[in-house]
Each structure stands twice: as structure tokens, then as C-alpha cells.
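# Working through the structure, step by step
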Amino acid sequence: MRIIGFICEHAGLPAAVLAGERGMQYSSDVLLVRLPCSGRVDVVHLLRAFRDGADAVFLAACLEKNCHHIYGNLEARKRVDQAKRILDDLGLDGQRVELFNLASNQAFKFREAAEEMVRRVERIGPNPLGVRK
Amino acid sequence: MNDKGRVGVVICTWAGGNPRTLDVNSLAEHAKTMDRVGPVEIIDRICSPVGQNKLAAFFRSGKAECFVIVACSAFSKETIFRDVARDSGINPYMVELADVREQSAYVHTHDKALEKAHLIIEMAVARSSLAEEAPIKFRQLRSKRALIIGDGACALILATHLRGQGIEVAQIAEGSGFMIPDRLEKQRQALEEDIKRLHEDPGFAAFAHSKVTHLVGRLGNFSALISSGRVTHAVDCGVIVLANEAPANSPQTSALAPVSDLESILVGSGTLPMSIVVLAENGHEWGVDAGAFVRGMRAAMDFKNKRPNGKAYIISRDIVSPGRRESEQRMAQDMGVVFFRSEERPRLVGATDWVLNDQTLGDITIEAEAAYTTHQAEHDSERIAKVLGLPLAADGTLTTLEPRLRPEETMRRGIFVCSSAFKASPLETMVTDALSVSSRVAEALLGQEMLGGIVTKVDQEKCSACLTCVRSCPYSAPFIGDKGKAEIPIEDCQGCGICVSLCPSKAIDLYHYSDSQIGASVRVAARGGGR
């Protein structure tokens, strides 16, 4: 299983670091990609991840109305919704991509997000485009 | 491949976590097998002064163009490493941090952690090999004034310290001026002299009955709108410090008073109760930190001093007495202060009985005449944080950059916070706070303003002047220049990258987070290995 988590520098990253410091266990299949703001994410980034074989992709962004870059997380929400539609059209299932809003001290929400994606992949099955080694 | 051996990898011996989940030697061996990796070195504790020197030597060796530091993820470390790079003549954005400690060693078991750590390093190397030198520019600070928000003793001590260093100070008070809380009755005279001296000082300006309503700019170049009733002033300042006093009357249930009430009685002349119970908590769902615990403990000790026959109980989730505080706690125990640990927040039964849940003894009932809590409701930190553009934690408290290493810095450069702000702290805490904050402020004001780094670049060939970036930028940085194409000055760009993902012509890219860099690390992650 390969799950990619895009984390914004102001909420997702501190939450992930805190989860690490507290030793919160989550699946080791989750790999994190840092972004300056969740608004930086492009639909292309999300879709290429699936082309390259990721089973699920999630974004951890600031809480709504509390984005460091004012409305970056709302932009990210639009990108994720767009990606969901495209995945549904392709028959890959839009549930493979999700955005989670969390605060920088909510390590448990980060863990929840990671675990939720693992559960979804277990339910939907692996990405049919996956390149297995 | 032309980028063969372009990336240098430095591994911190502590990256493997403590106890060691990851073997740093095997990380190094794995790094050496990667195509793009040239020199690999293991350095003990890179963030220490000795480690920094070794890192600088590695940077200067000229064996690699870009670097991956495999270490932990304390964000403060990244700035340390970037500073070392800059001092060694390397563009700071050619340095990439691979966090294998918090993202792998701490959260996964042995084999899985190693496998994931290899991938994390591979992702960082893939990113790093595509790094470009980010543009960096230095500018003199436009304003060297410090703006203090707050009217309590904390703000007063800080203002005195800053003026002592010759820094121009402006203060914003919600009330008529500085206010001295009851618990500092003993020091009132000295503090009032400070106030008098400040008001005679031409380098000090006070705005009474005022609030900050808007803030733009960055370190060395802030511009704040201050509304004082009907008048609005625009004040330029270099740094901003939050030093609010806790509210005088916190909303509490009548049975549970703030511990500041007890402190007032202890210093003043009120009647002391015969028995007290102090809930040491910091307001985060029955959590406790050293500050809250020690404050409650000291109040209980003072109580026992004044009333040796009285009963004093402290209830908290944990016993938090680090360092020398441990002997202080021992002393409190010898004096007869009784400490209880309770899994849940004690509940009040009847008028004076508190029921707590001890880990070993089970439910215990304690009778006490008066009950106090160390938690005090925050000031309107939420409103202030929104105006200043600071991120808040979920419970409405301020997030600091690095709570242990740099507690006085907020997530926005140039805005500092006294750790005693919004809390009712003892005087010595406020003095230490003021000292540390004023040295940070002086340090920040001494330097130059660094511009650039993670900023956008516009490919003028591709730009179709569609105005998408102009409309979407939260900071109104882009504009259409003389050539009829979009321009984004590095002075104004905050590096969020919103315009980059929106640009329909793909004419904009972001240094350090370019599409190719993000794509490269995603590819490695999705394929489970890049080769």
C-alpha cells in the first residue's frame, strides 16, 4: 500500500511532527510531502500520484478560517473536489483523495487522517494503475 | 545522468531516535547506493556548535552542489542549517531536510521504520537534485521601533528593558495605561517608578484605549493600524511583541476561584481559609504543564507558611516538577502539602467536597473550604491572533514556533510573544521573559531584512496576462508590468504558491517547491523507490 500525505507547513507539518514526538502509531505506508501551503497543491500533483501508483492521497491543511495564507485551504478544497470528480470519471473512485482540516496541535487528527486513508484503501482495494515492484 | 553525484547527504547520529530505532550507518550505506548522491557523511548532533562547524566544512568542501540533511524535524533546526549554509557561501535553499526521526523512527517498528526512512531520504534526494538557487536580497530595516501590545506588568517590564537597550518603543493599552495586578502588591512602588520614568522618556509612545485593527508587512517593515476610539493611527514598527496581562476577573464557577485570588489574599490582608485545594491545570482538557503546576505548588507553600495548621491539597493529572523544582516539591511535601494525581478532572459534590480519581487508591473525597484553579481564561488572544495573522491551536491558544527552544517566537517572523502573556505569572517569570524577549527583539532589529527565498518566478514568455494571479493572491503581490505581463516582486511574495497552482498557462513556479520538485518526491513515494 502506498499513501501520500501532502502536509502544509503551518498545520499539517507541526501536527505530523507532534504525532511523531508522541510516538503515535500510524501505518508506515504513509509518506509525507511538504508544501508551503495547501493552496500550492495542483490537481496535476494529485493525479500524477495515482498514475505513479499511489493507492490514496490526502492533504492535511489548516482549519477553515484559520489558514496562515488566508484562503489557501479553501483553494485546496476546490483542487481536491476537482480531483475527486476526475477520479470518479476514470473509475478510480474519488474516495482515494481527501482533504483534512486540522490545527497545528491536533496530532490525533493527523493520525486519524492517515488511518482513515488506510481503511479506505482496504475497503476499495489497491490502485489498478499501481506499478508493483 | 548529468546530476550524478550532485547531492551531498549528511546524517545526524540522532536521526535514528533515542533509543535507536534506525541504524544511521545503514542509512548512510543506502544513501551511497543512490545515483545522484555523491559524498555521504555522518555527523554527531549536527545542530550543536561542533556539529555546525563540521556541517559548514562539509558545505565548503565543494564536493556537492545541493545537500540533504537527514535529521529530525524541529522546524527551528531548518533555520539553523540554512544559516550555516549561508555563512558557508551556499544558497540556503539548496539545503533539504529529511525528517526520519519524527516521521519514521518514533512511529514505526524496526524494519518498517528503516524501509520508510530509506524512502524519505530518497524523496529528499530526488527533490534536492532539482533544487535551484533561490533569489535572496537584503534590505535595511525600515523601522526599528518595537510595538508592545498589552498593558500589564509584563508589558511594563518589557518596555523598560527595551528602552534600556535604546530601542524605540510604542505601547498599545486597552485601558488608560499600565495596570499593576493585585498579586504584585509588594512590587507596586518599584513598578510605578518604572511607569513614571517611561512616560518621561521621549523614545516611548503610548496609545491608550486602543486596539490593533489591521497589520501588513514583515519584520522590519510592519505597518499597523491602531484605532483609539474614533481616531485611527498608522504606526510603523520593526517588531511586535504580545505581552498582554491575564484578565482580572476570569469567568469561573463560584466554587472554583482563580489561584490569583489566593495569591492576592496571601500578599494582601484578606482572610485565609482553613483548608484549600488547588487544581493545577493549564486549561487543555485537564492537562498540566510545569508553569501551572509550580504556580499552584508555590501558592500552596505560601499558604502553609501563613497557616501551618491549615490543610493544602494539590490535584493534577501529573506531577510536573522538572529540574530544581523537584527539590522545591520535596520541600512542599515536607511542609505538609498533599499532592494527588487524578485521571479525571475532580468534580464538586455538595458545597465543599471534591471527588478525584487516584490511579491506585481509586475514588477519594477531599473536603476543603476553598478551591482554586491555576487555569485562567485567555484574554482576547483569538482576536489579536487573527489581526496579526498568527495561527491558532484548536483551543484558541497561540502556536509558538518551537515551544521548548524558542518559546518567544511566533510562526510569523518579527512577531514575538512573552510566554507569560495571557497568563497571570509571578514577577520573576515575567522578568526572565522580558529579558529573553528583549534580547530576541534586539537581535532581530540589529540584522537586515532577508527577502526572497521561497518566492515565485514568472516565465514572461508563457504569461498570457489573464489576471488569475492578480486576483487570487492573498497578499496582492502580482501586478501586470510595463511589458503587459505579470510580475511578482520578491519583496511582496509570501511564498504560499496559490497562484502557481491556479495559473492556467503554467507560467509561474515557486522556488524550493517547484512543480518538478514536488513531482519528483511524489513519484518516489508513489512508486516505493525511484530506481
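Here the structure is shown first, and the text comes after it.
Residues numbered from 1 in each chain as written. Chains lettered and ligands numbered in written order. Predicted model: local features only at pLDDT ≥ 70, side-chain atom pairs only at ≥ 80, totals over all residues. Heavy atoms only, no water.

### Examining the overall build of chain B
When its secondary structure is counted, chain B shows 15 helices and 28 strands. Buried positions account for 55% of the 531 residues belonging to chain B. A separation of at least 24 residues holds for 69% of the contacts in chain B among residues at least 6 apart in sequence. Summed over its atoms, the accessible surface of chain B is roughly 23400 Å², and 49% of this surface lies on carbon and sulfur atoms. (Helix = DSSP H or I, 4+ residues; strand = E, 2+ residues; numbered from the N terminus. Buried < 20%, exposed > 50% of the residue type's maximum accessible area, 1.4 Å probe, protein only. Contact = heavy atoms within 4.5 Å. Areas by Shrake-Rupley, 256 points an atom, 1.4 Å probe, with all protein chains shown as cover.)

### Some thoughts on the sheet that holds strand E1 (residues 7–12) of chain B
Residues and elements named next belong to chain B. Pairing is parallel in the open sheet, where four strands are placed in the order E2-E1-E3-E4. Looking at the sheet topology across the chains shown, the edges are occupied by strand E2 (37–43) and strand E4 (95–99). Looking at each pair of strands side by side, their axes are set apart by 20° on average, direction ignored. Along the sheet, helix H2 (residues 49–60) makes contact with E1, E2, strand E3 (66–71) and E4, crossing E2 at roughly 165°. Set on the sheet, helix H5 (residues 110–129) makes contact with E1, E2, E3 and E4; between it and E3 the angle comes to about 160°. (Pairing = 2+ DSSP bridges. Axes fitted to C-alpha atoms, helices over the stretch in contact; angles between N-to-C directions.)

### Section: the pattern of salt bridges
This model, assessed by the stated rule, comprises 34 salt bridges over all chains. Ionic pairing is found between Glu75 of chain A and Arg79 of chain A, a salt bridge with its closest N-O pair at 3.2 Å. A residue pair is termed a helical-turn pair when its members lie 3 or 4 positions apart in one helix, as Glu75 of chain A and Arg79 of chain A do in helix H3 (residues 72–90) at four residues. Of the two residues, Glu75 of chain A and Arg79 of chain A, both sit in the buried class. With its nearest N and O atoms 2.7 Å apart, the salt bridge here joins Glu281 of chain B to Arg345 of chain B. In this pair, Glu281 of chain B is assigned in the loop between strand E14 (275–280) and helix H9 (290–306) and Arg345 of chain B in the loop between strand E16 (338–341) and strand E17 (347–349), connecting sequence segments 64 residues apart. Residues joined in a network through salt bridges with shared partners are Lys84, Glu98, Glu112, Glu116, Arg119 and Arg120 of chain A. (Salt bridge = Lys/Arg side-chain N within 4 Å of Asp/Glu carboxyl O.)

### Here's the deal with the sheet that holds strand E9 (residues 210–218) of chain B
All names here are of chain B. Read from one edge to the other, the open sheet built from three strands follows the order E9-E10-E11, with strand pairing classed as antiparallel. The two strands at the open ends of the sheet, each matched to only one other strand, are E9 and strand E11 (231–237). This sheet shows a mean twist of 20° between the axes of neighbouring strands, independent of strand direction. As defined by bridge partners, strand E10 (residues 221–228) adjoins E11 across seven bridges and the pair is classed as antiparallel. Pairing of Phe222 across the sheet is with Cys237, part of E11.

### Concerning the state of the cysteines
Residue and element names in this part refer to chain B. Per the counting criterion, the structure on display carries zero disulfides over all chains. No disulfide involves Cys12; its sulfur sits 6.2 Å from the nearest other cysteine sulfur, which is in Cys47. By relative accessible area, Cys12 is classed as buried at 7%. Looking at the unpaired Cys473, the closest cysteine sulfur is the one in Cys496, lying at 6.0 Å. (Disulfide = S-S within 2.5 Å.)

### Describing helix H7 (residues 188–200) of chain B
All names here are of chain B. Counted at 1.5 Å a residue, the expected span for H7 with its 13 residues is 18 Å, and the 19 Å between its end C-alpha atoms agrees. Within H7, burial applies to Leu191, Asp194, Ile195 and Leu198. Down the axis of H7, the buried side of the element spans an arc of 100°, and every buried residue falls inside it. H7 presents Gln189, Lys196 and Glu200 as exposed residues on the side facing more than 90 degrees away from its buried surface. On the buried face of H7, the contacting elements are helix H6 (153–164) and strand E8 (204–207). (Expected span 1.5 Å × (residues − 1). Arc of directions from axis to C-beta.)

### Examining helix H12 (residues 427–446) of chain B
Residue and element names in this part refer to chain B. For H12, built from 20 residues, the straight-helix expectation of 28 Å at 1.5 Å per residue is met to within 8% by its first-to-last C-alpha distance of 28 Å. Looking only at H12, the buried set comprises Leu427, Met430, Asp433, Ala434, Val437, Ser438, Val441, Ala442, Ala444 and Leu445. Seen along its axis, H12 keeps its buried residues to an arc of 160°; they face one direction. Exposed residues lying more than 90 degrees from the buried face of H12 are Glu443 and Leu446. In the core, the buried residues of H12 are packed alongside strand E6 (146–149), H6, strand E12 (239–242), strand E22 (406–410) and strand E23 (415–417).

### Here's the deal with the side chain of Arg101 of chain B
Residues and elements named next belong to chain B. Looking at where Arg101 falls in the secondary structure, it is placed in helix H4 (residues 101–105). Within polar-contact distance, the side chain of Arg101 engages the side chain of Glu102 at 3.1 Å. Excluding residues that lie within four positions of it along the chain, Arg101 makes contacts with Trp14, Ala15, Gly17, Ala71, Cys72 and Tyr106. (Polar contact = N/O pair within 3.5 Å; in protein donor to acceptor, adjacent residues only side chain to side chain.)

### As for the interface of chain A and chain B
Taken together, the contacts link 48 residues of chain A with 54 residues of chain B. Buried area between chain A and chain B, both sides added, is near 4300 Å², and the carbon and sulfur share of it is 55%. Three residues stand out in chain A for area buried against chain B, namely Leu31, Arg40 and Asp52 of chain A, and they jointly supply 15% of the buried area on that side. There are six salt bridges connecting chain A and chain B. A salt bridge links Lys506 of chain B to Asp42 of chain A, with the shortest nitrogen-to-oxygen separation between them at 2.9 Å. (Buried area = accessible area lost by both parts, 1.4 Å probe.)

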